[in-house]
Amino acid sequence: MSRTVLVHGGAGAVGHAAIQLATWSGATVLATVSSPEKAGLARKAGADHVIDYRTEDVAARVAQLAPAGVHHIVDVDLGANLAVDLAVLAHGGNINVYSCGDADRLPIPSREMLVKNVQLDFTFTYTTEPESKANALSDVHAAAADGALEVGAEHGLPVRRYALDQVAEAHRAVERGVPGKVLVDVPSE
């Protein structure tokens, strides 16, 4: 059975990895982004379909692309996305949250989630149980060995490097929300 995965924030670093891993696993991947530039990055990462949430109705577009619903959702901001998630999630589907945006506490539509048999998971890598982390790392290593995890502008994750004496400039780039990864090179002594 072919699986469908929806990745919110498909141009971010985690979204990029989620797209590549889901593609590697054989899933059909839908990704949300906030601009045409970021849409190009998500496509380069391997997303089959990209939805600009600022200009498109995400739930309607996902319903067109996956009429039976999506099986897995990778969510960067559950508070902002929960209504869409529940509208597009297939019966028995899973929402995995790795960041919570601005919301500290959310009202959970329990009945709707119960009726759909929704699995709601949270993943915070720093507190993940050692066995689960080891299993995930094993899968990531396998994907990397297969060449499924590539970075760079041509793969949808630009890398911007700064020298240590440019750390303020690197910080400003992060604050501006530049797409990709910002790295500071620390000389070895």
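Right, let's walk through the structure included here. (Residues numbered from 1 in each chain as written. Predicted model: local features only at pLDDT ≥ 70, side-chain atom pairs only at ≥ 80, totals over all residues. Heavy atoms only, no water.)

**Overview of the overall build of the chain**
A tally of helices and strands in the chain yields 7 helices and 8 strands. For the C-alpha atoms alone, the extent of the chain along its principal axes is close to 60 × 40 × 35 Å. Surface accessibility of the chain: about 11,000 Å² in total, with carbon and sulfur atoms responsible for 54%. Here the chain carries 15 positive and 23 negative side-chain charges, and the mean point of each set is 4 Å from the other. (Helix = DSSP H or I, 4+ residues; strand = E, 2+ residues; numbered from the N terminus. Areas by Shrake-Rupley, 256 points an atom, 1.4 Å probe, with all protein chains shown as cover. Lys, Arg positive; Asp, Glu negative; His and termini not counted. Charge placed at Lys NZ, Arg CZ, Asp CG, Glu CD.)

**What about the packing of aromatic side chains?**
Scanning all chains against the criterion turns up 1 aromatic pair. For the ring pair Phe-124 and Tyr-126, a centre distance of 5.1 Å and an interplane angle of 70° mean the geometry is edge-to-face. Residue classification places Tyr-126 among the exposed residues on the basis of a relative accessible area of 68%. (Phe/Tyr/Trp six-rings, centres within 6.5 Å; stacked < 30°, edge-to-face > 60°. Buried < 20%, exposed > 50% of the residue type's maximum accessible area, 1.4 Å probe, protein only.)

**Here's the deal with the side chain of Asn-94**
Inspection of the secondary structure puts Asn-94 in strand 5 (residues 89–97). For Asn-94, the side chain forms a polar contact with the side chain of Asp-121, separated by 2.5 Å. Excluding residues within four positions of it along the chain, Asn-94 makes contact with His-71, His-72, Ile-73, Leu-89, Gln-119 and Asp-121. (Polar contact = N/O pair within 3.5 Å; in protein donor to acceptor, adjacent residues only side chain to side chain. Contact = heavy atoms within 4.5 Å.)

**As for the sheet that holds strand 3 (residues 49–52)**
Strand pairing in a sheet is mediated by backbone hydrogen bonds. Such pairs are either parallel or antiparallel. If you walk across this open sheet you meet the 6 strands as 3-2-1-4-5-6, and the pairing is parallel. Bordering the open sheet on either side are strand 3 and strand 6 (119–122), each of which pairs with just one other strand. The sheet shows a mean angle of 15° between the axes of neighbouring strands, direction not considered. For strand 1 (residues 4–7) and strand 2 (residues 28–33), the ladder comprises 4 bridges, and the chain directions are parallel. Residue pairing across strands places Val-5 opposite Val-29, the latter belonging to strand 2. Each of strand 1, strand 2, strand 3 and strand 4 (70–75) is contacted by helix 3 (residues 58–65), which is oriented at about 165° to strand 3, the strand it contacts most. (Pairing = 2+ DSSP bridges. Axes fitted to C-alpha atoms, helices over the stretch in contact; angles between N-to-C directions.)

**What to know about the pattern of salt bridges**
Following the criterion strictly, the structure yields 2 salt bridges and no others. For Glu-56, the salt bridge is made with Arg-61, and the minimal N-O distance between the two is 3.7 Å. A residue is classified by how much of its surface remains accessible, and Glu-56, at 30% relative accessible area, is partly exposed. Linking Asp-185 and Arg-161 is a salt bridge whose minimum nitrogen-to-oxygen distance equals 2.7 Å. Taken as a pair, Asp-185 in strand 8 (residues 181–185) and Arg-161 in strand 7 (residues 159–163) lie far apart in primary sequence, 24 residues in all. The exposure class assigned to Asp-185 is partly exposed, which follows from its relative accessible area of 31%. (Salt bridge = Lys/Arg side-chain N within 4 Å of Asp/Glu carboxyl O.)

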